Each structure stands twice: as structure tokens, then as C-alpha cells.
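So the chains spell out like this:
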Amino acid sequence: MKSPIIVWFRDDLRLSDHAALREAAQRGGPLVCLYVLDERGGGRPHGAASCWWLANSLRALDAGLKKLGQTLVLRKGDAALIIPELAANADTGAVLWLESEVPAQAARDRKVAQALQRAGSEARILRSDLLAKPDNIRNKDGNGLRVFTPFWKRVLSLDDPARPLAAPKTLPPPVRSVASERLEDWKLEPSKPDWATGFREAWSPGENGAQQRLHDFLDGPIKGYATDRDRPDGDHTSGLSPHLRFGEISPRQVFHAAKFAAERQPALARDIDKFLSELGWREFCRHLLFDNPDIDTRNLQSSFDDFPWRRDAKALRAWQRGQTGYPVVDAGMRELWHTGVMHNRVRMVVASFLVKHLLLDWRLGEQWFWDTLVDADPGSNPANWQWVAGSGADAAPYFRVFNPVLQGEKFDPDGAYVSKWVPELAKLSPKFIHHPWDATPIELQSAGIVLGDNYPEPIVDHKAARERALAAYRKTRA
DNA sequence: TTTTGAGTTGTTCGA
DNA sequence: GTCGAACAACTCAAA
């Protein structure tokens, strides 16, 4: 009789392109499919929105496993204790998992592997989900690249990432003696109040939902993606980010599916290259995280360490709640609250607004996003906040201050996006919907708007705020 | 080693 | 309304 095997699922909540599950299926022997909610050891604890996603994704994974006669075993606590103990109790021969390049996870994983080896068990770590290993993308000094374009060129110059593996058709039976905790007991989902109704309408967490998204996207919105992706009004993006975050689909699967689409439809080459480069940004941020484990707290450019951020709890709260008086900013912040995501273009606008118009520390915005985004990624979230703030790698020039009115008019010309998320402005004509303060009293009245009453006056004046930011940034450089 | 060219996403102003 | 320049200098990658 073969000894039992544990497959340890982490940010790879899928059955296909899963080298550890695949190998376990081939080896045979009783199998434990394990997920450990390790709130301390795996890096930053999930934010509230991510907890919602996680709960649903675990449920989906369990359903997928059940179809193969398996089940997902849930445990909560320190993985470095739980896994060796479980391995001993179940008398397993090996624990298999996919490598992580997230520094905190990698450190924790080393502890797990050492403990297993001390106990005479095998720790089998298989290739990670990244398209390229950070070790393979180095400059001549051995450091990671800090400029995106050469980084991405380098990744693309390597051999294509391995072809994705199919999901196992059958799995060995579970180990009956290993019990699972109950997902409900983890209280990952909100109850009172239940703020996740909008999430349920917007999303289908899990591998099936991820594959559906990918194929719907490559059948439709990919056409014109290179330009339309900037528009928050309508479905012009893939919506894959939370699925990628939890590994319900792997970057390799997305990469090869996009390449395949490009072969069949050469006219889409430009759109697909653009789409792949967005996958490249995810990769870039993960590599930055690999080299900078404290990227969520420490400025990558230390010249920002004494930047005079303001403290203003009231302004922060107005920003968080979508009550700044700038329609496109408020629309974005409310979309985030309602759905757990925000359109990429609008993320830049609201981030620039917090950091530059309000002069509030980028970490405050990063933390809010961490808590409210279902796609909150330990690499992308802090790296992109630092990029906007100017403290990051390959950062935006200091004088780039987004004008929320111009951005709204340019990318939401009909005001459809604002109307959807800031319904109190929906009756205002597109001409004024991005700057209601310029509308005449009659226009405001017929749209049912009383500024300062049912929609706020702008909390800062754009021109004055811009100049204040430029002055502060100029000083930081000098 | 030194040099060279380039670098996600913008805005404002004045001609 | 449109267009180009200014906004700044610095770091990075590669030749």
C-alpha cells in the first residue's frame, strides 16, 4: 500500500495547470487536499474583500474536487506547525506544493520544508506560477530590473513559459481519518451587515468562473483592447485580476490562451500584445516584491522618507467613501466599495488624487485598497501605489498630476460611468457631469442636485491643490 | 568603463 | 481649436 500524499493548496486554487496535484495523481496513494488559513505566516493577512473571495474560491475548489471523488481539508493556524503534524498523523510520505516567490510565504515554506525533512517526510516543491523566475531576470550586478520595458522584453526573450497542464481526470481517494474544519466557522464572509451583495452580482469566484472570463474576453473585448481598455464605461477589460490573485487560473494559462488567439486572428496582434503586457505588469510587480519584501511600507526611493505628508482624517474618509465632490473619483471609490474592484484608469486617478491633491501618504491608500479589493495583490497593490506617488520603481514624474475633470471627460465622455456609480448626478448633462460646480443653478435644480447637500462641493480646489503638490514634490527632490 | 538613449498611463500655457 | 514646449532630472539598461 502506498503512503498518503498531501497536496497543499495556497494561492493556486485550481485543478488544471497544477503541477503538485498532477504529480500526486500520477503517484497514486491516498491523498489529502489541504488548505491552511495561515493569517500570520503567509505574509499580510487578507483584507475583508479578499476574505469574501477566498471563501467562495475554497467552496468552488472543494466542489471541483468532489467531482473527482476528493474533498478539500481546511485548517487554520500556523502552517509550519499544522503541516508537519498532519503529515505525521496521517503517516504521509510526501507533501507537495507550488513554489511562491512572495518573500513572506517563501520564508514560511522553508520552515515547513525543514520541519518535514526533520520528521523524515518529503517536501516536494514544484514550479511556481510566475512566467519567469526572478533569478532569471537579473542585470549584470545581479539585481532585478527596475524599468518595465527592458524587464518585459527580457521575459519575452526567454523561451515561452511551459504549456499548461490539464486537470487530472481522476484522483486517488481521500484519507478518511483527516477531518476538515468548517468554512463557515472561519467567518470569512460578512453577515451583519452583508456588504457583499454587489460582489455576488459581479463575480463568479473559482476556476470555472476564471476560465469563462478568459474565454469570453478573448471572444469579445480583446478586439480594440489596446485603446478601449482605458475606458471605465462598459466592459473593456478582462476582469481576470482576482482570479489570478487566488490562482484560480495561472498566468501561463492566460499567456498561452492569448497567444493562441493571436495565431488565429492576426488582426488582433496589437491588442493581444497590450493585454500580455498587462500580465507583464503583474509579473514585474511580483519581481519587485521578491527583491523588496517591505515594498508595502518602505519607499523604494528613500528620498521620499521625509516627504511632508499631511494628516487629515476627514479628507481620508471623504476619499474612502466617495464623497470628494469630484465625480470620477467618487465613482471609482464607490465602484470599489460595491464590487471589490475599480477600473485601472480610475485607480490611477483616485490614487493620484489621494497622494497629490490631498497630500496623504500613499500607504493609507494602499491599505484601503488592500482591505477593499478582491484582487489585492501583495506585489501589484503596493508597487502601483508607489508608482503613482513617485516613490516607486520607474515612477511617474512628479509633475504628473491627473486632472480628475479632464480624465473623466476623456475616458468617460458620456458620463455613463459616473451616472452608474454616483446616481445623484445621473440626470446632469454630460457637459457638466464631471464638474457639476460649473452648471447653472437651473441645470442643477432640474437634475435634482443641491451641491453641499445631496452631493458634496469639491473638498479641494484642483488648481490650488495641484500647486501645493508640485511645491512639496519640488522640495523633496531638492 | 563610459556613454548613450530611453523611460505605461499627464497638464498647462502660450503661440 | 490645435500644437509644441515646458515641467526636471535621474536612474537604469545596454551597447
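What you see is a predicted model, and the numbers here were worked out from it, not measured in a lab.

## A look at the nonpolar core
Ranked by internal contacts, the top residues of the largest apolar core, which has 55 residues, are Trp319, Val329, Met333 and Phe369. Only helix H12 (313–321), helix H13 (327–339), helix H14 (344–357), helix H15 (362–372), helix H16 (380–389), helix H18 (416–421) and helix H20 (462–477) provide two or more residues apiece to this core. Sorting elements by how many residues they give to this core places H14 first, with 8 residues. If you look at the next biggest cluster of nonpolar residues, it comprises 39 residues, including Val7, Ala24, Cys33 and Leu58.

## Details of the packing of aromatic side chains
Scanning the model with the defined rule gives 25 aromatic pairs in all. A ring pair is formed by Phe307 and Trp309, whose centres lie 4.2 Å apart and whose planes are at 45°; its orientation type is tilted. The same class applies to Phe307 and to Trp309, which are both buried. Taken together, Trp52, Trp53, Trp195, Phe199, Trp203 and Phe246 form an aromatic cluster joined through their ring pairs. Seen from the ring of Phe246, Arg245 lies directly overhead, with NZ or CZ sitting 4.8 Å from the centre. Over the face of the ring belonging to Trp337 we find Arg321, whose NZ or CZ atom lies 5.1 Å from the ring centre.

## Remarks on the side chain of His434
Within the secondary structure, His434 is located in the loop between H18 and helix H19 (441–446). You can call His434 buried: its relative accessible area is 2%. Polar side-chain contacts of His434 include one of 3.1 Å to the backbone oxygen of Gly408. Apart from residues lying up to four places away in sequence, His434 is in contact with Pro327, Val328, Val405, Gly408, Glu409, Asp412, Gly415 and Val418.

## Section: the pairing of strand E3 (residues 72–76)
The pairing of strand E2 (residues 31–37) with E3 spans 5 bridges and is parallel. Bridged to Val36 within E3 is Arg75. Taking the sense of rotation as the criterion, the β-α-β connection linking E2, helix H2 (residues 48–66) and E3 turns out right-handed.

## Side note on the environment of Gly322
The topology assignment puts Gly322 in the loop between H12 and H13. Along the primary structure Gly322 and His256 are separated by 66 residues, whereas in three dimensions their C-alpha atoms are 39 Å apart. Not counting residues within four places of it along the chain, the set of residues in contact with Gly322 comprises Asp330, Met333 and Arg334.

## Describing the protein's contact with DNA strand C
Lining the immediate environment of DNA strand C, one finds Asn139, Leu145, Arg146, Val147, Pro150, Arg154, Pro397, Tyr398, Phe399, Arg474 and Arg477. Within 4 Å of the protein, the contacting atoms of DNA strand C are drawn from sugar and phosphate to the extent of 68%. Arg154 places a polar side-chain atom, nitrogen or oxygen, 3.2 Å from a phosphate oxygen of DNA strand C. In this structure, Arg474 approaches DNA strand C through a side-chain N or O atom, which is 2.8 Å from a phosphate oxygen. Taken together, the residues of the surface near DNA strand C break down into 6 nonpolar, 1 polar and 4 charged.

## Thoughts on the protein's contact with DNA strand B
In the region of DNA strand B, 21 residues are neighbours, and Thr149, Trp281, Trp387, Asp394 and His462 sit closest. Of all atoms in DNA strand B that approach within 4 Å of the protein, 57% are sugar or phosphate atoms. Here a phosphate oxygen of DNA strand B and a side-chain polar atom of His462 are 2.7 Å apart. Every element with two or more residues in the surface near DNA strand B is listed here: helix H5 (148–157), helix H11 (269–291), H14, helix H17 (404–411) and H20. Classifying every residue of the surface near DNA strand B by side-chain character gives 9 nonpolar, 5 polar and 7 charged.

## Some details on the pattern of salt bridges
Applying the stated criterion across every chain yields a total of 32 salt bridges. Of the charged contacts in the structure, one is a salt bridge between Asp38 and Arg108, with a shortest N-O distance of 3.0 Å. Linking Asp38 in the loop between E2 and H2 with Arg108 in helix H4 (residues 103–118), this pair joins segments that are 70 residues apart in sequence. Here Asp38 matches Arg108 in class, with each residue buried.

## Considering H20
When the terminal C-alpha atoms of H20 are compared, their 23 Å separation across 16 residues agrees well with the 22 Å that a helix rising 1.5 Å per residue should span. Within the sequence span of H20, burial applies to His462, Ala465, Ala469, Leu470, Ala472, Tyr473 and Thr476. Within H20, the buried residues cover an arc of 165° as seen down the axis, which keeps them to one side. When the buried face of H20 is taken as reference, the exposed residues oriented beyond 90 degrees from it are Lys463 and Lys475.

## Considerations on the pairing of strand E4 (residues 94–98)
Within E4, 5 of the 5 residues are buried, which leaves the element mostly enclosed by the surrounding structure. Side-chain alternation along E4 places Ala94, Leu96 and Leu98 on one buried face and Val95 and Trp97 on a second face that is also buried. Pairing analysis gives 3 bridges linking strand E1 (residues 5–9) to E4, with the strands arranged parallel. Its bridge partner lying in E4, Val7 is registered against Leu96. Alignment of E4 against strand E5 (residues 122–126), held across 5 bridges, turns out to be parallel. The partner of Ala94 across the bridge, within E5, is Glu122.

What counts and what doesn't
- Every chain's residues receive numbers from 1 upward, in the order its sequence appears when written.
- Chain letters and ligand numbers both follow the written order, the letters beginning at A and the numbers at 1.
- Note on the predicted model: pLDDT of at least 70 is required for a residue's local features to be given, and 80 or more for side-chain atom pairs to be given and counted; whole-chain, interface and lining totals, by contrast, use all residues.
- To obtain the side-chain values, all non-hydrogen atoms of the structure were used and water was disregarded.
- In plain words, nonpolar cores are sets of buried Ala, Val, Leu, Ile, Met, Phe, Trp, Tyr and Cys residues tied together by side-chain atoms within 4.5 Å.
- The buried label applies to any residue whose accessible area, calculated with a 1.4 Å probe on protein chains only, is under 20% of its type's maximum; exposed applies above 50%, and partly exposed to all values in between.
- Each helix is a run of H or I in the DSSP string that is no shorter than four residues. Each strand is a run of E no shorter than two, and both are numbered from the N terminus.
- Between the rings of Phe, Tyr and Trp (Trp by its six-membered ring), a pair exists once the centres lie within 6.5 Å; its type follows the angle of the planes, with under 30 degrees stacked, over 60 edge-to-face, and the other angles tilted.
- We count a charge as sitting over a ring when the NZ of a lysine or the CZ of an arginine lies within 6 Å of the ring centre and within 35 degrees of the ring normal.
- Counted as a polar contact is a pair of N or O atoms within 3.5 Å, where, for protein atoms, one must be capable of donating a hydrogen and the other of accepting one, and residues adjacent in sequence contribute only when both atoms are in side chains.
- Throughout, a residue-residue contact means that at least one pair of heavy atoms, one from each residue, lies within 4.5 Å.
- Following DSSP output, two strands are said to pair if at least two bridges run between them.
- For crossovers, right-handed means that the path from the first strand over the helix to the second runs clockwise, given strands pointing away from the viewer.
- Here a residue is near a molecule or strand as soon as one of its heavy atoms is found within 4 Å of it.
- Side-chain classes follow a simple rule in which Ala, Val, Leu, Ile, Met, Phe, Trp, Tyr, Cys and Pro form the nonpolar group, Asp, Glu, Lys and Arg form the charged group, and the remainder, Gly included, forms the polar group.
- For this document, the term salt bridge refers to a Lys or Arg side-chain nitrogen within 4 Å of an Asp or Glu carboxyl oxygen.
- Under the convention used throughout, the expected extent of a helix is 1.5 Å for every residue step, that is, one less than its residue count.
- Think of the arc as the fan of directions from the helix axis to the C-beta atoms.

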